[in-house]
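# Examination of the molecular architecture
Chain residues, written in single-letter form:
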Amino acid sequence: RWRLLSPREQEVTVLTCQGYTNSQIAYKLGISQTTIKTHVRNILAKFHLHSKAELRMALKGWDFRDWDFIPHI
């Protein structure tokens, strides 16, 4: 299902799994919190999940170290 995500959805997924809030993700990516909420909703639908907590659990074993290029707050 990862491949169904757009590049931006992948970034939001990584940051969500790293424990960032929607507000922090919006700031890091330079987009609105409303846009983040839309991305999260789409991500959850593509993974057939109901919450960000479920998403974190589903991907808890994934290694996101290659995503360190995303600017830090």
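Every chain's residues receive numbers from 1 upward, in the order its sequence appears when written. Since the coordinates come from a predicted model, pLDDT governs what is reported: local features require at least 70, and pairs of side-chain atoms require 80 or more to be given and counted, while whole-chain, interface and lining totals use all residues. In computing side-chain properties, one takes all heavy atoms of the structure into account and sets aside hydrogens as well as water.

A few words now on the packing of aromatic side chains. Aromatic rings from Phe, Tyr and Trp, with only the six-membered ring used for Trp, were paired whenever their centres fell within 6.5 Å, and each pair was classed as stacked if the ring planes differed by under 30 degrees, edge-to-face if by over 60, and tilted otherwise. Scanning the model with the defined rule gives three aromatic pairs in all. Relative to Phe64, the ring of Trp2 has its centre 6.3 Å away and its plane inclined at 40°; by these criteria the two rings are tilted. Of this pair, Trp2 sits in the segment before helix 1 (7-17) while Phe64 is found in the segment after helix 4 (52-58), placing the two residues 62 residues apart along the sequence. For the pair Trp2 and Phe64, one class covers both residues: buried. An aromatic cluster of three or more residues is present, and its members are Trp2, Trp62 and Phe64. Segments assigned H or I by DSSP are reported as helices when at least four residues long, segments assigned E as strands when at least two residues long, and all are numbered from the N terminus. Working definition: with a 1.4 Å probe on protein chains only, accessible area under 20% of the residue-type maximum means buried, over 50% means exposed, and in between means partly exposed.

Glancing now at the pattern of salt bridges. The salt bridge definition used is simple: a Lys or Arg side-chain nitrogen within 4 Å of an Asp or Glu carboxyl oxygen. Here the structure, examined in full by the defined rule, presents two salt bridges. Between Arg8 and Glu11 there is a salt bridge, and its shortest N-O distance comes to 2.8 Å. Taken together, the positions of Arg8 and Glu11, both in helix 1 and three residues apart, correspond to about one turn of that helix. On the basis of relative accessibility, which here comes to 29%, the residue Arg8 falls in the partly exposed class. For Glu11, a relative accessible area of 16% translates into the label buried. The salt bridge involving Glu9 is made with Lys46; its shortest N-O contact spans 2.7 Å. Separated by 37 residues along the polypeptide, Glu9 in helix 1 and Lys46 in helix 3 (residues 33-47) bring together distant segments of the chain. Residue Glu9 is classed as buried on the basis of its relative accessible area of 5%. Take Lys46: its relative accessible area is 27%, and that puts it in the partly exposed class.

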